[in-house]
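Overview (structure and organization)
Chain by chain, the residues:
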Amino acid sequence: MQDVVEKVYEQVVARNRGESEFHQAVREVLESLDPVIAKHPHYAEDALLERIVEPERQIMFRVPWVDDAGAVHVNRGFRIEFNSALGPYKGGLRFHPSVNAGIIKFLGFEQIFKNSLTNQGIGGGKGGSDFDPHGKSDAEVMRFCQSFMTELSRHIGPSTDVPAGDIGVGGREIGYLFGQYKRLRNSYDAGVLTGKGLAWGGSLVRTEATGYGTVLFAQSMLATKGQTLEGKKVAVSGSGNVAIYAIEKAQQLGATPITFSDSSGYVVDEAGVDLDLLKQVKEVERGRVADYVSRRPGSRLVTEGRPWDVPVDVALPCATQNELDGDDAATLLRQGCAVVAEGANMPSTPEAVEAFLGAGILYAPGKAANAGGVATSALEMEQNAGRTRWDFATAEEKLTAIMADIHDSCVAAAEEYGRPGDYVLGANAAGFTRVADVMIAHGIV
Ligand code: NDP
């Protein structure tokens, strides 16, 4: 990295000790900025880089709640309001035991550039808690969400900060969170949260959007080589919201997804994933991947290793950060995988990213490939503000156009800065310059 950029990175490490995921996310963006700063040195003036890596506001709070047996538990809540240059802070809430300040900060930082790429006037933020919804009753999840929102409600609003879901936060949790917000405020501010149910302000296609968008991005990358997804074998990780709808769109486009996973292992189904069964197990029963295997002859559960051991043409990591390392990347490449599109945020380690870029395959980083989720959240805000509701086809058409536009912006920026086909550089450069130009216009704030 250039000296000026390296200095910013060192300051981030010194100021945010132990937050390795945040360091990793910042380093990846700053490395991409070398050619941008070389061509436009004014982006390094007035401490713009130092400002962009420092959250505007960090909120951390106690979340006490009572379980079904009457025992009191205390979790920690977070909301990082990272950058509001382009609009209200926007980004999901994650409920997972691994959540800490560094994880939320990395996600919030990525979100700035992702949201910028969508070109929809949304800033970057992220939040969550180390609460684990697995194994909790609906009543326990509700009491936790009510306690969490009691504090969070002071900080959010339709023009201030608009959270959505992420790992461990789906339709059920958004419902409980919205109910408590409405009760505290005595105001039906539908635009304060996205990912809402269809009967109370939600948007069609929001549930499908992240997974669909990831696959549409892969399809756009393939189109640059005159290819399509038709007939391709696909490995997917995860079996949550993003994974399920990535599988659905891949199937619609003629590909055959053959794997999915959760934290208990991965499933290989060479005949192609039975999506109805997967939805029944995961969305309805909230079960484990083993429940799929017990009802699906010919499929098998692997509890050691990762889906990346299975030979495929396309890999879609859709579970969590750093779930695909250098060795996994080498395995994928050796077995002929030529397309990787990230549904999850930062699922590939730096070594894996280097291997993909070195091999010159079609590799899309999460901040570009999974932006369909937040883009459709912004469409949900638009419908809430206009008190209107679009049909499925209209919302999907808008998502498709936004993903194509993000793809083309990445391609154009990669070419402008001298590395055609490098979607990492393209996404970071295109996302950064839009935010940076507005930060400059707003002065030193
Ligand atoms: P869900 O909670 O719906 O699903 C997460 C899936 O990943 C589950 O199958 C879960 O398994 C698995 N998983 C999570 N953590 C781990 C872990 N540490 N080890 C192994 N498996 C794990 O979340 P989403 O599908 O919403 O999110 C998946 C990814 O996509 C995340 O990186 C998220 O940030 C990203 N993303 C999500 C968006 C959205 O709109 N929802 C938008 C953009 C990005 P288990 O149940 O066993 O934990």
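Residues numbered from 1 in each chain as written. Predicted model: local features only at pLDDT ≥ 70, side-chain atom pairs only at ≥ 80, totals over all residues. Heavy atoms only, no water.

Notes on helix H16 (residues 423-441)
With 19 residues, H16 extends 27 Å between its outermost C-alpha atoms, agreeing within 8% with the 27 Å of an ideal straight helix rising 1.5 Å per residue. Counted residue by residue, H16 has 14 buried out of 19 residues, so it is predominantly covered. Sitting at the amino-terminal end of H16 is Asp 422, which places a side-chain oxygen 3.0 Å from the backbone nitrogen of Val 424. Looking at the residues trailing H16, positive phi occurs at Gly 443, about 80 degrees. (Helix = DSSP H or I, 4+ residues; strand = E, 2+ residues; numbered from the N terminus. Expected span 1.5 Å × (residues − 1). Buried < 20%, exposed > 50% of the residue type's maximum accessible area, 1.4 Å probe, protein only. Polar contact = N/O pair within 3.5 Å; in protein donor to acceptor, adjacent residues only side chain to side chain.)

A few points about the layout of surface pockets
Left-over empty space is what a probe sized like a water molecule reveals as it rolls over the atoms. Taken as a whole, the second largest pocket spans an internal volume of roughly 350 Å³. Glu 28, Glu 31, Pro 350, Val 353 and Val 424 are, among the 17 residues lining the second largest pocket, the residues nearest its centre. When residues of the lining of the second largest pocket are traced back to their parent elements, those giving at least two are helix H2 (20-39), helix H12 (350-359) and H16. With five residues, H2 is the largest single contributor of residues to the lining of the second largest pocket. Grouping the amino acids of the lining of the second largest pocket by side-chain chemistry returns seven nonpolar, four polar and six charged. Two domains each put at least three residues into the lining of the second largest pocket: domain 1 (1-54) and domain 3 (208-369). (1 Å grid on protein atoms, 1.4 Å probe; cavity = no way out; pocket = protein on both sides within 12 Å on 5 of 7 lines; lining within 4 Å. Points joined across faces, edges and corners; volume = space filled by probe spheres on them. Nonpolar A, V, L, I, M, F, W, Y, C, P; charged D, E, K, R; others polar. Domains from an automatic or database assignment.)

So, the domain arrangement of the chain
Taken domain by domain, the chain holds domain 1 (1-54), domain 2 (55-188) and domain 3 (208-369). In this structure, domain 1 and domain 3 have C-alpha centres spaced 31 Å apart. Taken together, the five residues of domain 1 in the interface contact seven residues of domain 3. Of all residues in domain 1, Glu 21, Gln 24 and Glu 28 bury the most surface against domain 3, accounting for 85% of the area lost on that side. (Contact = heavy atoms within 4.5 Å. Buried area = accessible area lost by both parts, 1.4 Å probe.)

Considerations on the pairing of strand S9 (residues 265-268)
Residue alternation in S9 divides its side chains into two sets, Gly 265 and Val 267 and Tyr 266 and Val 268, and both sets are buried. Here four bridges tie strand S8 (residues 259-262) to S9, and the two strands are oriented antiparallel to one another. Paired with Asp 262 across the bridge in S9 is Gly 265. From the end of S8 to the start of S9, which pair antiparallel, there are two residues. Across three bridges, S9 lies against strand S10 (residues 300-302) in antiparallel orientation. Bridge pairing in S10 places Tyr 266 opposite Val 302. (Pairing = 2+ DSSP bridges.)

Here we look at helix H7 (residues 206-223)
Residues lying three or four places apart along an α-helix face the same way, a consequence of the helix completing one turn every 3.6 residues. In this model H7 runs 25 Å from its N-terminal to its C-terminal C-alpha over 18 residues, within 8% of the 26 Å that 1.5 Å per residue would give. The axis of H7 is deflected most strongly, by about 30 degrees, at Tyr 212. Judged by how many residues are buried, H7 sits mostly within the fold: 15 of 18 residues are covered. (Bend = angle between axes of the 7 residues up to and from the residue.)

Regarding the site of the ligand
Contacts to the ligand come from 25 residues, most closely from Asp 166, Thr 210, Ser 263, Arg 288 and Asn 345. Measuring from an oxygen atom of the ligand, one finds a side-chain N or O atom of Asn 345 at 2.8 Å. Look at the ligand: alone it shows 880 Å² of surface, and the protein chains cover 83% of it. In the shell around the ligand, the residues fall into five nonpolar, 14 polar and six charged. (Near = heavy atom within 4 Å. Areas by Shrake-Rupley, 256 points an atom, 1.4 Å probe, with all protein chains shown as cover.)

Things to note about the side chain of Glu 140
By secondary structure assignment, the location of Glu 140 is in helix H5 (residues 138-152). Salt bridges are absent for the buried Glu 140, whose nearest opposite-charge side chain, Arg 143, sits at 4.9 Å. Excluding residues that lie within four positions of it along the chain, Glu 140 makes contacts with Trp 65, Asp 67 and Asp 68. (Lys, Arg positive; Asp, Glu negative; His and termini not counted. Salt bridge = Lys/Arg side-chain N within 4 Å of Asp/Glu carboxyl O.)

As for the packing of aromatic side chains
Taken as a whole and judged by the stated rule, the model has 19 aromatic pairs. Seen in terms of ring centroids, Phe 131 and Phe 144 are 3.9 Å apart; in terms of plane orientation they differ by 5 degrees. Their pairing is stacked. Within this pair, whereas Phe 131 is found in the loop between strand S4 (123-129) and H5, its partner Phe 144 is found in helix H5, the two being separated by 13 residues in sequence. Note on Phe 131: relative accessible area 1%, which makes it buried. (Phe/Tyr/Trp six-rings, centres within 6.5 Å; stacked < 30°, edge-to-face > 60°.)

Considerations on the UniProt feature "site: Important for catalysis" (unreviewed entry) in the chain
When the UniProt feature table is mapped onto this chain, "site: Important for catalysis" (unreviewed entry) is found at Asp 166. Aside from chain neighbours lying at most four places away, what touches Asp 166 is Gly 92, Leu 93, Arg 94, Lys 126 and Asn 345. (UniProt positions renumbered as here; feature names shortened; annotations may be inferred.)

Overview of the sheet that holds S10
Here we have three strands laid out as an open sheet, ordered S8-S9-S10, and antiparallel in their pairing. What marks the edges here is a single partner per strand, and that holds for S8 and S10. When the angles between neighbouring strand axes are averaged without regard to direction, this sheet yields 25 degrees. (Axes fitted to C-alpha atoms, helices over the stretch in contact; angles between N-to-C directions.)

Digging into the environment of Tyr 176
With respect to the element layout, Tyr 176 can be found in helix H6 (residues 171-185). Relative accessible area serves as the criterion here: at 22%, Tyr 176 is assigned to the partly exposed category. Sequence-wise, Tyr 176 and Cys 145 are 31 residues apart; in three dimensions their C-alpha atoms are separated by 6.0 Å.

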